[in-house]
Amino acid sequence: MKLFTLYNLEGNVNTYLIGLESGGDALIIDPGHIDLFLLNLLEDNNYFIKSILITHDHEHHTKGVKTLMRIYEPLIYSKRAMIYDYPSTTINTNSVLNLCGFDITVIEAPGHSDDSLVFRIRNALFTGDVLSAGKIGYTPNLVTKKLLQDNIGKKIFSIKEDLVIFPGHGPPTTLRAEKEFNSSIL
């Protein structure tokens, strides 16, 4: 598995490109912005975007969908039925998708937004704005904060393995580090 992290200053958002070592079909998580660097990366690695995974429908995580749809016509997977004017395959917790040669486990974790999803691919968790290094996603009130904390505790911190967390914003971290040191959860 090849994993590329692309950081975009517009929204300070991480976009993740994932494909097989040999090239071919690839998927992208939270395409916040599509630029020449990403397009060259796709071409240089012989990738063709077949799938887009959306952790949640906030513009800085989805803005690049429009461009990708014009170039590649991939399938979109999210909690919403539509992303902009494009149909999306709606997915729920405990779904296991097989996309581009990868088994992807879907975990629902509302709180930051009502459509927040976490994707597990091998030893990686793509958490969007649910969980980041040392913090959790913004919530508008104490009720949604408690909901988010409960979802993280029950659905993410219950995972036994030590996985690498790739958040929607900020640097990667590990599940072990967040369980031990994330004061937003304790």
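Per chain, the residues get numbers from 1 upward, laid out in the order the sequence is written. In view of the model being predicted, local features appear only for residues whose pLDDT reaches at least 70, and side-chain atom pairs are presented and counted only at 80 or more, with totals across whole chains, interfaces and linings using the full set of residues. Think of the side-chain values as coming from all heavy atoms in the structure, minus any hydrogens and water.

Student: Looking at this structure, how should I read the side chain of Asp-115?
Tutor: Take Asp-115: it is sitting in the loop between strand S10 (102–108) and strand S11 (117–121). Each residue is placed in one exposure class: buried if its accessible area under a 1.4 Å probe, protein chains only, is under 20% of its type's maximum, exposed if it is over 50%, and partly exposed if it falls in between. On the basis of relative accessibility, which here comes to 2%, the residue Asp-115 falls in the buried class. In this structure the side chain of Asp-115 is engaged in a polar contact, spanning 2.7 Å, whose partner is the side chain of Ser-113. Here a residue-residue contact requires only that any non-hydrogen atoms of the pair lie within 4.5 Å. Contact partners of Asp-115, with chain neighbours within four places excluded, come to Thr-55, His-56, Asp-57, Lys-79 and Arg-80. Working definition: helices are DSSP H or I runs of at least four residues, strands are E runs of at least two. Numbering for both runs from the N terminus. Within 3.5 Å is the distance limit for a polar contact, defined as a pair of N or O atoms, with the added protein rule that one can donate a hydrogen and the other accept it, and that residues adjacent in sequence qualify only through two side-chain atoms.

Student: Help me out: how do you make sense of the nonpolar core in this one?
Tutor: Note on soluble globular proteins: their nonpolar side chains tend to be buried together. Side-chain atoms within 4.5 Å link the members of a nonpolar core, which is a set of buried Ala, Val, Leu, Ile, Met, Phe, Trp, Tyr and Cys residues. Counting residues in hydrophobic clusters, the biggest one holds 19 residues, and the most contacted among them are Leu-27, Leu-53, Ile-104 and Phe-126. Beyond its immediate chain neighbours, meaning those up to four positions away, Leu-27 contacts Tyr-16, Leu-17, Ile-18, Ile-49, Ser-51, Leu-53, Leu-99, Cys-100, Phe-102, Ile-104 and Ile-121. Core analysis: the next-biggest nonpolar cluster, separate from the first, contains 18 residues, Leu-6, Leu-41, Ile-52 and Val-65 among them.

Student: Would you explain the packing of aromatic side chains in this entry?
Tutor: The way to describe two aromatic rings as a pair is by their centre distance and the angle between their planes. Only rings of Phe, Tyr and Trp enter the pairing, Trp through its six-membered ring, and a pair is recorded when the two centres are within 6.5 Å. The plane angle decides the type: under 30 degrees is stacked, over 60 is edge-to-face, the rest tilted. Within the structure shown, the criterion is met by five aromatic pairs. For the ring pair Phe-4 and Tyr-47, a centre distance of 6.4 Å and an interplane angle of 70 degrees mean the geometry is edge-to-face. Residue Phe-4 is found in strand S1 (residues 2–8), and its partner Tyr-47 is found in strand S4 (residues 47–53); the two are separated by 43 residues along the sequence. Centre to centre, the rings of Phe-48 and Tyr-72 are 5.0 Å apart; their planes meet at 85 degrees, and the pair counts as edge-to-face. Placement of Phe-48 in strand S4 and of Tyr-72 in the loop between helix H3 (65–71) and strand S5 (75–78) is noted, with a sequence separation of 24 residues between them.

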